[in-house]
Amino acid sequence: MKKNKSKTRGFTLIELLVALGVFMVVMTITMSAFLNIIDIQKKTEAFRKVNDNLNFAMEAMMREIREGNSYSAADCGGAKFCFTDKDNTLIKYQLNAGGYIERKGLSGEWLRLTSDEIKITKISFSASGNAVGDKQQPLVTIAISGESGIKEKLKSRLNLQTTVSQRKLDPL
């Protein structure tokens with residue numbers, strides 16, 4: 001008597017379920033890592049935007065302030081900071097309610113210094129050595145805080161501070 005055994009063998013249902021389970025675990029881990037990489041890239045891009053914008057605004061203000069005089073962080077008619085530039089024009093800076101820095105000069109219109117993509121959360125100016133005969137070189141300290149990003153998890157925040165001295169020496 002011969003037993004008729006088939007030489008073809010397939011996978012059992014258990015083997016298929018185990019293989020499918022292992023595949024799903026590997027795919028879940030891979031997908032999680034991929035999504036993490038995308039979040040990191042978005043956060044990096046948000047940081048780059050806030051860094052570029054704050055640096056641009058800071059450099060633009062520093063350039064004008066360095067060559068100006070008569071610095072005031074108090075009596076500026078509603079603005080945050082004002083001074084007289086090298087051409088004897090009154091320049092004003094302020095933080096708009098929309099969260100961006102504005103500059104007002106000779107044209108009389110407020111011009112934006114920062115992009116829509118970032119929000120300035122704080123700007124402060126501090127002037128010292130401004131009094132006549134105080135034997136101190138006038139200094140202005142500028143501090144800016146800003147953030148970029150839509151989701152709280154992906155927001156990038158940056159704080160910058162610098163001190164600018166008046167280029168023209170104060171008379172003794």
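Everything below is about the structure shown above.
Residues numbered from 1 in each chain as written. Predicted model: local features only at pLDDT ≥ 70, side-chain atom pairs only at ≥ 80, totals over all residues. Heavy atoms only, no water.

Undergrad: Before we go on, may I ask you to explain unusual backbone geometry in this structure?
TA: A negative phi angle characterises most non-glycine residues, just as the trans form characterises most peptide bonds. Located in the positive-phi region is S70, a residue other than glycine, with phi close to 55°. Looking at the secondary structure, you find S70 in strand β1 (residues 69-72). (Helix = DSSP H or I, 4+ residues; strand = E, 2+ residues; numbered from the N terminus.)

Undergrad: It is not clear to me how a nonpolar patch on the surface should be interpreted in this structure. Could you clarify?
TA: Together, I14, V18, V22 and V26 make up a nonpolar patch on the protein surface, roughly 380 Å² of accessible area in all. By the element assignment, V18 lies in helix α1 (residues 13-67). (Patch = residues over 30% accessible without salt bridge, like charges linked within 9 Å, V, L, I, M, F, W, Y side chains within 5 Å. Areas by Shrake-Rupley, 256 points an atom, 1.4 Å probe, with all protein chains shown as cover. Salt bridge = Lys/Arg side-chain N within 4 Å of Asp/Glu carboxyl O.)

Undergrad: What is the right way to look at the sheet that holds strand β7 (residues 139-148) in this model?
TA: Adjacent strands of a sheet pair through backbone hydrogen bonds, lying either parallel or antiparallel. With antiparallel pairing, 3 strands are arranged side by side in an open sheet as β6-β7-β8. Taken across any chain shown, the strands that pair with only one partner, and hence form the sheet edges, are β6 (118-128) and β8 (156-165). When strand polarity is set aside, the average angle formed by the axes of neighbouring strands in this sheet is 10°. The sheet contact formed by β7 and β8 spans 10 bridges and is antiparallel. (Pairing = 2+ DSSP bridges. Axes fitted to C-alpha atoms, helices over the stretch in contact; angles between N-to-C directions.)

Undergrad: Before we go on, may I ask you to explain the nonpolar core in this structure?
TA: Nonpolar side chains tend to gather and get buried jointly when the protein is soluble and globular. Grouped together as the largest cluster of nonpolar side chains are 24 residues, with contacts concentrated most on M61, I65, F125, I142 and I144. Sorting the residues of this core by element identifies α1, β2 (81-84), β3 (90-95), β6, β7 and β8 as the ones contributing at least two each. It is α1 that contributes the most residues to this core, 7 residues altogether. Sequence-distant contacts of I65, that is, excluding residues within four places in its chain, are made with Y71, F81, F83, F125, V140, I142 and V164. (Core = buried A, V, L, I, M, F, W, Y, C linked by side-chain atoms within 4.5 Å. Buried < 20%, exposed > 50% of the residue type's maximum accessible area, 1.4 Å probe, protein only. Contact = heavy atoms within 4.5 Å.)

Undergrad: Whenever I open this one, the side chain of E147 confuses me. Can you help?
TA: Within the secondary structure, E147 sits in strand β7. Among the polar contacts made by the side chain of E147, one reaches the side chain of R157 at a distance of 3.3 Å. (Polar contact = N/O pair within 3.5 Å; in protein donor to acceptor, adjacent residues only side chain to side chain.)

Undergrad: Would you take a moment to explain the side chain of E102 for this structure?
TA: By the secondary structure assignment, E102 is in strand β4 (residues 101-104). For the buried E102, no salt bridge exists, and the shortest N-O distance to an oppositely charged side chain is 6.6 Å, to R112. Within polar-contact distance, the side chain of E102 engages the side chain of N96 at 3.1 Å. Discounting chain neighbours no more than four positions away, the residues touching E102 are K92, Y93, Q94, N96, W110 and L111. (Lys, Arg positive; Asp, Glu negative; His and termini not counted.)

Undergrad: Just checking my understanding: could you explain the pairing of β3 for this structure?
TA: It is a general feature of regular strands that their side chains alternate between the two faces of the sheet. Sheet topology note: the β2/β3 ladder contains 4 bridges and is antiparallel. Paired with F83 across the two strands is I91, which belongs to β3. Where β2 hands over to β3, the hairpin turn is made up of 5 residues, of which N88 adopts a positive phi near 65°. Across 4 bridges, β3 lies against β4 in antiparallel orientation. Counterpart to Y93 in the pairing with β4 is R103.

Coordinates in, geometry out; function isn't part of it.
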